[in-house]
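Here is what each chain is made of, one letter per residue.
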Amino acid sequence: MPSEWAARCRELEKVYRTATATVHALRGVTIEFPRSRMTAVAGPSGSGKSSLLRLLAGLDRPTSGILEVDGVQLHRATGRARRAFRRRRVGYVFQRPSDNFIPHLTVGQHLAMAARSAGEGAPSMKEVAEELGIGGRLDHLPSALSGGEQERAAVAQALVRGTDIIVADEPTADLDTASTETLLARLSALASEGLTIILATHDASVRRAADHVVELDHGSLVPASRRRTPAPAGRASARGTTAPLLVTATGLVRSFARGPETVHAVDHADLTLREGEVVALLGRSGSGKTTLLDLLGGWERPDAGAITWHGDVAVREPAWEDVSIVPQQLGLIEEFSLRRNVEYPLRLAGTPDADRRVDGLFEKLRLSHLGDRFPGEVSVGEQQRAALARALARRPRLLLADEPTGHQDRESARAVAQLLGEAASEGTCCLVATHEQHLSAFADRVVRMADGRVSEDGSRP
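Values in this document were obtained by computation on a predicted structure and should not be read as measured data.

## A look at the sheet that holds strand 3 (residues 38–42)
Point 1. Taken together, the six strands give an open sheet; going across it, the order is 6-7-8-3-9-10, and neighbouring strands pair in mixed fashion. Strand pairing shows two members of the sheet lacking a second neighbour, strand 6 (90–93) and strand 10 (220–221), which therefore form its edges.
Point 2. Two strands pair when backbone bridges link them, and strand 3 and strand 8 (residues 196–201) are joined in this way by five bridges, in the parallel orientation. By the bridge assignment, Thr39 is partnered in strand 8 with Ile198.
Point 3. On top of the sheet, helix 5 (residues 147–160) reaches strand 6 and strand 7 (165–169); it is set at about 170° to strand 6, its chief contact.

Following this line, the structure appears as structure tokens:
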């Protein structure tokens, strides 16, 4: 393999045979990845990005074709040879941040383990942690970090190993804009120093920062002449701000003990939510957005403050069907197909038009062809859309969605936003926690959160 190429594949095929289908994840893909450059592998969810990265990292073997990475012929490698390759040649970052960690080890312990196998000249763990903004989290368990902090810790773990190649699956999906810029600047600098970086992404900022971009669609390589830039996201239908009150939160406080430190996740937060509006809750990772949603959904109890639900004639407690939640962990039932996951709350309630309701949700979220697949057989972005469909199936009064477009390409994010707008037009209040500024273009109102405090000025984006 010429020295200017860190990896190359020829007519690469990957076929997965599952209990429900034969999935052609990659179809005759031929790509060369330049050494000492940052390459973005772009494409919509389900296009084959993750499958390609797993092959490049030696986690899977191709069904057919040629695959060489750092001089190793992975298409011929045994399981033992691929394990040695993963240990010495490549650092890999899984798409789900939590999959990169052993739950009972702290972030610092993870980095220390990675540093033990590092070669000469590898960056120090403290240096990398400080640069990625997790220097103050080394003594914390991964579960105590926000999704964005977990993402940065996972990247730090890969960098500390000191391998010549880093392969990362959507490493900016859970990061706010500032954290994304910091990470990309660091990776670009490392690429200029000789590191080869391959990132799966749907993030336009990653594409702009990359030295080399390839695009997949339905498992095939998209020629440069056929690549297109998605149209800017439109705006959902605007709804008024004089609708009846649904929920009022006053003086909410929620703190957590982290060793000797007390973290004020939510700090005297006030918030009002009205029927039939889309509210974007903007804030950086670690700002307290998820904890606020957990409080409103009843998953956490506040240390102080009150949450009041407003009924038709009087204040009342919400019924279970009043609130639907789309958490970052999604919570799909692995033994159920996507369609059965979405149907489940409707079947429990005895909804008469369940089939028609699910058909409509699947069509709007571009999932119609995946109804019989199990969650483990589809991409994270497709799982995320299925979780949203499940949450909206019963037309709740309040939808709490935590980063619902974090793993979506632009067209899928548009579909998600349009569905939120439709749900709001039917009376559902949609509170969407996000760090993606473009999603706020669909909102009726923007609420900002920083250091546990909420700023609700009622401004439109």
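## Some remarks on the side chain of Thr39
Point 1. Considering the arrangement of structural elements, one finds Thr39 in strand 3.
Point 2. On the accessibility criterion, Thr39 (1% relative accessible area) is buried.
Point 3. Not counting residues within four places of it along the chain, the set of residues in contact with Thr39 comprises Phe33, Pro34, Ile197, Ile198, Leu199, Ala210, His212 and Val214.

## Some thoughts on the nonpolar core
Point 1. Judged by nonpolar contacts, the single largest core of 38 residues is most densely connected at Val326, Leu388 and Leu399.
Point 2. Of all the secondary structure elements, the ones that give two or more residues to this core are strand 13 (278–282), helix 9 (338–349), helix 10 (354–364), helix 11 (380–392), strand 16 (398–402), helix 12 (410–425) and strand 17 (429–434).
Point 3. For Leu399, the residues in contact, after removing those within four places along its chain, are Ser324, Val326, Leu388, Ala391, Leu392, Leu420, Thr428, Cys429, Cys430 and Leu431.

## Digging into the environment of Ala189
Point 1. The topology assignment puts Ala189 in helix 6 (residues 177–192).
Point 2. With 85 residues separating them along the chain, Ala189 and His104 place their C-alpha atoms 33 Å apart.

## Some details on helix 3 (residues 107–116)
Point 1. Among the residues of helix 3, those classed as buried are Val107, Gly108, His110, Leu111 and Ala114. For helix 3, the angular spread of buried residues about the axis comes to 160°, placing them on one side.
Point 2. As for helix 3, its buried residues are in contact with helix 4 (125–131) and helix 5.

Here is what the cut-offs are and how they apply
- Residues numbered from 1 in each chain as written.
- Predicted model: local features only at pLDDT ≥ 70, side-chain atom pairs only at ≥ 80, totals over all residues.
- Heavy atoms only, no water.
- Pairing = 2+ DSSP bridges.
- Helix = DSSP H or I, 4+ residues; strand = E, 2+ residues; numbered from the N terminus.
- Contact = heavy atoms within 4.5 Å.
- Axes fitted to C-alpha atoms, helices over the stretch in contact; angles between N-to-C directions.
- Buried < 20%, exposed > 50% of the residue type's maximum accessible area, 1.4 Å probe, protein only.
- Core = buried A, V, L, I, M, F, W, Y, C linked by side-chain atoms within 4.5 Å.
- Arc of directions from axis to C-beta.

Take it as geometry only, folks, not as evidence of what the structure does.
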